[in-house]
There are 2 protein chains.
Amino acid sequence: MAVGMQLLPVLCLVLAASSHAHRTKTEVPPLADPEPSPYGSLWPLPQEVQVSSTVLLIPPAEFAIVHGEGSTAGPKCLVLQDAFRRYYDYMFGFLRLEDVPAIKPRSGQLVQLQVILTSKNNECHKYPSIHSDESYKLSVNDDGAVIQACQVWGALRGLETFSQLVYKDSTGAFLINKTQINDFPRFAHRGVLLDTSRHFLPLKVILKTLDAMAFNKMNILHWHIVDDQSFPYQSETFPELSNRGAYQAFTHIYSFIDVRMVIEYARLRGIRVIPEFDTPGHTYSWGKGQKDLLTPCYKDGEPSGTFGPVNPIVNGTYTFMYTLFKEIGMVFPDKYIHLGGDEVDFSCWKSNPAIAKFMAEHGFGTDYCKLESYYVQQILDIMSKLGKGYMVWQEVFDNHDQINPDTIVKVWKGQNYAEELSKVTAAGFSAILSAPWYLDYISYGQDWQRYYKTEPLKFNGTEEQKKLVIGGEACLWGEFVDATNLTPRLWPRASAVAERLWSSVKVTSVQDAYNRLIVHRCRMVGRGIGAEPLYVGFCEHEMKY
Amino acid sequence: MAVGMQLLPVLCLVLAASSHAHRTKTEVPPLADPEPSPYGSLWPLPQEVQVSSTVLLIPPAEFAIVHGEGSTAGPKCLVLQDAFRRYYDYMFGFLRLEDVPAIKPRSGQLVQLQVILTSKNNECHKYPSIHSDESYKLSVNDDGAVIQACQVWGALRGLETFSQLVYKDSTGAFLINKTQINDFPRFAHRGVLLDTSRHFLPLKVILKTLDAMAFNKMNILHWHIVDDQSFPYQSETFPELSNRGAYQAFTHIYSFIDVRMVIEYARLRGIRVIPEFDTPGHTYSWGKGQKDLLTPCYKDGEPSGTFGPVNPIVNGTYTFMYTLFKEIGMVFPDKYIHLGGDEVDFSCWKSNPAIAKFMAEHGFGTDYCKLESYYVQQILDIMSKLGKGYMVWQEVFDNHDQINPDTIVKVWKGQNYAEELSKVTAAGFSAILSAPWYLDYISYGQDWQRYYKTEPLKFNGTEEQKKLVIGGEACLWGEFVDATNLTPRLWPRASAVAERLWSSVKVTSVQDAYNRLIVHRCRMVGRGIGAEPLYVGFCEHEMKY
């Protein structure tokens, strides 16, 4: 590969100083001072890249992103129209056009980027799905630049890549190197989990996260929307759930409008929104607005006034769940809903005499896993009736035999997750890995390296089994996270996960990753994402709050 | 003490849910769910507080903060004038006055807060100093509220306390309980260290930190302004220091105007600004703009092209330092300058033949500590000539005999800091503790409890020795901190340090601290400080970015 780029000075200069780690110890050994990567600031690294040393000048006032000839998409493809405008803005938007100096002729200029969709089923007017095609080809030549993709989703990824190739010289002129890229994701499911129950996250914080996800080619927002602590989802059918279960019924909720806005904002960036309504545990807040939903706990033969998991032995529970999930299934267009199923505490069930009776009648003995299984089975049946697919936390697989073959199992327990991946895939289930990527756990220093080095397919299993791992998620649980610290805690640490899930298995150089990520991080800062620093240094434009 | 306050619902409701620590382990054991403290949301807790159950209504449109009769201060006391306006705004500023509902007569109303300075030397027109008096008395009665203080600094602390007593009822009406407070700080030096060399911090971030410090009654900004990585201080005498040593000579510097603004903004909040110009180590960036300042290192008998600490054997060094510190002494009005003196690496000195010769001539043998001592002694002499006091890191005490008796020693090494405090104070030096409060070290969970439980005087020593510990500092070193994450990393963790240094030694209940701090944190958020959450829950007004 011929390399002629000098992208680093544009976005971030880092001092090659004697690097005293002043009065500090770090868990992760320090890397060498960053220097320009042969791959510039591309993040995540595309599958195939050829960067030439020939540099083209881009005159922003003349530059346009257009639908290319033969494209199956045109001005009615709003996803692309919006993306053209957005990426022009990311690249050149902070200039007033009249401020652009007169162009000095150079070897070559680039005045157009054509975007060509090749498939009739280009999904311009659809939501992204598990089957969406995110692959694209990008060529930057003297006679123009072209992104070719089957579907809009690949075009969106290509636009992000193109924007990452643009840089400035010392006079401020915009440049791009002649480049050929062939790119596609290694894993189809590349997610971020946000938790809006432990702390309410204002809509703006969620939208900002979607922006940053697009900058990192991540494509799933796993929205852990409700939990014990609060129920901010405003249900049309059961308004009391948020009226009584939210932290505050007017200010700390997501209305139908809010949810639709998140979904549409995500769609425009090629991101699926998968809501999690976790039952039968983690439902304390549900009980406030839905009478008789939770199991009454007993003490000394009397109801104690406290409540446990969802009550699995009354019909009302299933009627309620059917109605609620029917609504949820309509509000959230994605094929999949996450049903939770983790960490069910049996102590309340054990205390309740009606449950004991039910257990006896059904021959469950004292195996409360069987009761949990009974409950989960009913919920899964409801989902099937509603035509929805589902994901569950690993306990549902660990404890139950009768889950449908198309269930997607999320592996979250930190210990022995490789073994769990082996088991889940050996049983023929698809799996998503989140165990090594709990970003709410923080520590001093460059822990992103640990996330980066994690290889999701490093477990005992056949090739067939490995194909069943469809991706992973960076999880930012909310116990200690809210609008004040979410963005710098998530980024650029989630960027490490993003590259691991997108780029080739062969992309393993932590030093090269560092060289690119330090620039990518400053680019995110420049685009308004308060991503925290990786180490000493600076960005040309520091964060403005 | 009679207690009738219900401050908690106004600022922050926290769910008393089954507190699953969802998928998380924490170092620090969780506390009980927070509930209203008998002390409301006072932070740091005043020395003596009596809160009555009698509630007074405050009608904001009629309420005024005024100079009380007999006060030695009047409208020309700009520190107070500015503080009156500021605290009115914190308490009532988000309302338009016409929106305030007609006042229903209640048992009593409070329409005035008088501020009375009693000393002729009230320091209205001075900078705060080590000798400033921050004590005050506050009484809130039917016939009015009064803050009495010798000097403006106590009045500022009293205004903060008064603002913390105001709360709202469920209709939004402002209330305050009849209260008597007698308050003064336990330690005179209560600091925050900011590091603007590892990352440049935009001026706004520093000013915001000063706001938050005032909310926590902290009174020292220890400004670690330059270090190896960059030299953002713009010197009038030696402009090349920042021209060449800053990350960027125009955007990443502090001009004279910037520095003056920080100092004045701090003064208005009763905060001293103590700059640190650390030598002879930690000076890599200095060498870029000042030829022959640093020691040339040698390899195989030849200069290697790299540089070590300040060169202590040439006269030019001391001429330069005298001139620079003369300027610094004029720019920064505080009596004290921090001279650093930590972590001097001797390897470069050892490699240099001229230094070997100098050592021999001066009879230093091979004891490079003696050379360091020689250098430090010259610098201390310069400071004495300039009439400045100084602080140093503990190495200067550990390695040298001839430091002046009024040197203030900062204890920073984490291991055996109690022993170091014993030694420093036994030798008769004043000490400041920062070792247990390195807030740049992060970990999962409620680490503020650890900072809170640290008792600075828990070391072997006489009463006389303990009196020599004048305070402590929360240090936020900048390797991994910049504008993106500074505020949530510093607050409310530094608040724990603030209360430890202000409140009585008897204030040790972590649970009561939690109950108050969770509200204090939401108050900071309401005032624009993005202080991170302590645990699950919410603020009435979440952070808006």
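This one's a predicted model, so the numbers in the text were calculated from it and none came from an experiment.

*Asks:* Help me understand the pattern of salt bridges in this model?
*Replies:* Residue and element names in this part refer to chain A. The full count for this structure, using the stated rule, is 49 salt bridges over all chains. The partner of Lys178 in a salt bridge is Asp142, with the nearest N and O atoms 3.6 Å apart. Pair noted here: Lys178 is in strand S7 (residues 174-183) and Asp142 is in the loop between strand S4 (136-141) and strand S5 (144-149), with a separation of 36 residues, a long-range link. By relative accessible area, which is 22% here, Lys178 ends up partly exposed. Accessibility expressed as a relative area gives 45% for Asp142, which makes it partly exposed. A cluster of three or more residues bridged by salt bridges with shared partners is formed by Asp195, Arg198, Asp227 and Glu479.

*Asks:* Is there a simple way to explain unusual backbone geometry in this structure?
*Replies:* Across the chain, the bulk of peptide bonds are trans and the bulk of non-glycine residues have phi less than zero. All names here are of chain A. Cis geometry marks the peptide bond from Thr279 to Pro280; its omega dihedral reads 0°. The topology assignment puts Pro280 in the loop between strand S10 (272-279) and helix H7 (286-289). Even without being a glycine, Lys217 presents a positive backbone phi close to 55°. Its place among the elements puts Lys217 in the loop between helix H4 (203-215) and strand S9 (220-224). Overall, the relative accessible area of 1% leaves Lys217 in the buried class. A positive phi angle is found at His282, which is not glycine, with a value near 55°.

*Asks:* Even after reading the chapter, I still don't get the packing of aromatic side chains, so can you show me in this structure?
*Replies:* Any aromatic ring pair is given by two values, namely how distant the centres are and how the planes are angled relative to each other. One pass over the full model with this rule turns up 68 aromatic pairs over all chains. Measuring from centroid to centroid gives 5.7 Å for Phe63 of chain B and Phe92 of chain B, while their planes differ by 65°, and the two rings are edge-to-face. On the criterion of sequence distance, the pair formed by Phe63 of chain B in the loop between strand S1 (48-58) and strand S2 (64-67) and Phe92 of chain B in helix H2 (residues 78-92) is long-range, its members being 29 residues apart. Each member of the pair, Phe63 of chain B together with Phe92 of chain B, is buried. Between Phe346 of chain B and Trp349 of chain B, the aromatic rings sit 5.8 Å apart at their centres with planes inclined by 15°, giving stacked as the arrangement. Overall, Phe346 of chain B belongs to the buried group, its relative accessible area being 18%. Three or more aromatic residues joined by ring pairs make a cluster, and in this case those are Phe200, Trp223, Phe231, Tyr233, Phe238, Tyr254, Phe277, Trp286, Phe320, Phe325 and Phe332 of chain A.

*Asks:* How do you make sense of the interface of chain A and chain B when you look at a structure like this?
*Replies:* The extent of an interface is frequently quoted as the accessible surface area lost upon association of the parts. In this assembly, 63 residues from chain A lie in contact with 63 residues from chain B. Here chain A packs against chain B, burying approximately 5800 Å² in sum over the two surfaces, 59% of which is carbon and sulfur. Summed over the shared surface of chain A and chain B, the number is four salt bridges. For Arg489 of chain A, the salt bridge goes to Glu532 of chain B, with nearest N and O atoms at 3.0 Å. In this assembly, chain A and chain B are joined by 19 residue pairs in polar contact (both at pLDDT 80 or more). Only helix H16 (486-490) and helix H18 (510-526) of chain A provide two or more residues apiece to the side of chain A that touches chain B. A class-by-class count of the residues in the side of chain A that touches chain B yields 29 nonpolar, 16 polar and 18 charged.

*Asks:* Sorry, what's going on with the relation of the copies chain A and chain B here?
*Replies:* Note: a rotation about an axis with an accompanying shift along it relates these two copies of the chain. Expressed as a screw operation, the relation of chain A to chain B combines 0.0 Å of axial shift with a rotation of 180°, fitting to an RMSD of 0.0 Å. Here the two chains are linked by the operation of a two-fold rotation axis. Among all residues of chain A, the one whose C-alpha sits closest to the rotation axis is Ser443 of chain A, at a distance of 2.4 Å. A share of 100% of interface residues in chain A that are also interface residues in chain B marks the association as one of identical surfaces.

*Asks:* Whenever I open this one, the sheet that holds strand S16 (residues 430-433) of chain A confuses me. Can you help?
*Replies:* Hydrogen bonding along the main chain pairs the strands of a sheet, whether they run parallel or antiparallel. Residues and elements named next belong to chain A. Reading around the circumference, S8-S9-S10-S13-S14-S15-S16-S17 is the order of the eight strands in this closed barrel, with parallel pairing throughout. Neighbouring strand axes in the sheet, compared pairwise and without regard to direction, differ in orientation by 30° on average. In terms of strand pairing, strand S13 (residues 336-340) meets strand S14 (residues 389-393) through three bridges, oriented parallel. Bridge pairing in S14 places His338 opposite Met391.

*Asks:* Is there a simple way to think about the state of the cysteines in this case?
*Replies:* Think of a disulfide as a covalent bridge from one cysteine sulfur atom to another cysteine sulfur atom. Residues and elements named next belong to chain A. Under the counting rule described, the total for this entry stands at six disulfides over all chains. Covalent S-S linkage joins Cys297 and Cys348, the inter-sulfur distance amounting to 2.1 Å. The sign of the -110° torsion about the S-S bond sets the Cys297-Cys348 disulfide as left-handed. Of this pair, Cys297 sits in strand S11 (residues 294-299) while Cys348 sits in helix H9 (residues 347-351), and the two are 51 residues apart along the sequence. The burial state of Cys297 is the same as that of Cys348; both residues are buried. In chain A, the cysteines engaged in disulfides, taken in order along the sequence, are linked 1-2, 3-4, 5-6. Between Cys150, a cysteine without a disulfide, and Cys124, which holds the nearest cysteine sulfur, the sulfur-to-sulfur distance is 13 Å. What makes Cys150 partly exposed here is its relative accessible area of 30%.

*Asks:* What is the right way to read the pairing of strand S7 (residues 174-183) of chain B from this model?
*Replies:* Residues and elements named next belong to chain B. Taken across its 10 residues, S7 has seven buried, putting it largely inside the fold. Direction of pairing for S1 relative to S7: antiparallel, over a ladder of eight bridges. Residue pairing for S7: Glu48 is matched across the bridge by Asn182. Two strands pair when backbone bridges link them, and strand S4 (residues 136-141) and S7 are joined in this way by five bridges, in the antiparallel orientation. The residue of S7 that forms the bridge with Leu138 is Ile181. Of the strand pairs in this sheet, strand S6 (residues 167-168) and S7 are connected by two bridges, and their pairing is antiparallel. Each residue of the ladder has a partner; that of Lys168, found in S7, is Phe174. Linking S6 back to S7 in an antiparallel pair, the connection comprises five residues, with Gly172 at a positive phi of about 95°.

*Asks:* For this particular structure, what's the right way to read the sheet that holds strand S16 (residues 430-433) of chain B?
*Replies:* Residues and elements named next belong to chain B. Spatially, eight strands are ordered S8-S9-S10-S13-S14-S15-S16-S17 in a closed barrel, and the strand pairing comes out parallel. When the angles between neighbouring strand axes are averaged without regard to direction, this sheet yields 30°. The sheet contacts of helix H11 (residues 368-385) involve strand S10 (272-279), strand S13 (336-340) and strand S14 (389-393), and relative to S13 the element is tilted by about 170°. Sitting on the sheet, helix H13 (residues 417-426) touches strand S15 (408-411), S16 and strand S17 (469-476), and the angle it makes with S16 is about 160°.

*Asks:* Got a minute to help me understand the packing of helix H10 (residues 353-361) of chain B against H11 of chain B in this structure?
*Replies:* Each pair of packed helices gets described by two things: the angle between the helix axes and the distance between those axes. Residue and element names in this part refer to chain B. One can describe the packing of H10 onto H11 by two numbers: an axis separation of 11 Å at closest approach and a directional angle of 85°. Here H10 lies roughly perpendicular to H11, going by the angle between them. Packed against H10, whose contacting residues are Ile355, Phe358 and Met359, the element H11 presents Tyr368, Leu371 and Tyr374 at the interface. The class makeup of the residues in the contact of H10 with H11 is six nonpolar, no polar and no charged.

Calculation notes
- Counting starts from 1 at the beginning of each chain's written sequence and moves along it residue by residue.
- Each chain gets a letter, beginning with A, and each ligand a number, beginning with 1, in the order they are written.
- Local features in this predicted model are restricted to residues whose pLDDT is 70 or higher, and side-chain atom pairs enter the listing and the counts only when it is 80 or higher, whereas totals over whole chains, interfaces and linings include all residues.
- Hydrogens and water are ignored here; the side-chain numbers use all heavy atoms of the structure.
- Counted as salt bridges are all cases of a side-chain nitrogen of Lys or Arg within 4 Å of a carboxyl oxygen of Asp or Glu.
- Secondary structure elements are taken from DSSP: a helix is a run of H or I of four residues or more, a strand is a run of E of two residues or more, and numbering for both begins at the N terminus.
- Whether a residue is buried, partly exposed or exposed follows from its accessible area with a 1.4 Å probe, protein chains only, as a fraction of its type maximum: under 20%, in between, or over 50%, in that order.
- Aromatic rings from Phe, Tyr and Trp, with only the six-membered ring used for Trp, were paired whenever their centres fell within 6.5 Å, and each pair was classed as stacked if the ring planes differed by under 30 degrees, edge-to-face if by over 60, and tilted otherwise.
- When checking whether two residues touch, look at their non-hydrogen atoms; a contact exists if any pair is within 4.5 Å.
- Here the quantity called buried area is the accessible surface, traced with a 1.4 Å probe, that two parts lose on coming together, added over both.
- Pairs of N or O atoms are called polar contacts if they sit within 3.5 Å, as long as, within protein, a hydrogen donor faces a hydrogen acceptor (for residues adjacent in sequence, only side-chain-to-side-chain pairs).
- In this classification, Asp, Glu, Lys and Arg are treated as charged, Ala, Val, Leu, Ile, Met, Phe, Trp, Tyr, Cys and Pro as nonpolar, and every other residue, Gly included, as polar.
- C-alpha atoms of residues with pLDDT of at least 70 in both copies form the basis for the least-squares superposition of the copies.
- Pairing between strands is defined by DSSP: at least two bridges between the two strands are required.
- With axes taken as lines fitted to C-alpha atoms, and helix axes fitted only over the stretch in contact, angles between N-to-C directions fall between 0 and 180 degrees.
- Throughout, a disulfide means two cysteine sulfur atoms within 2.5 Å of one another.
- By the definition adopted for this analysis, an angle is roughly parallel if under 35 degrees, roughly antiparallel if over 145, roughly perpendicular if from 65 to 115, and oblique otherwise.

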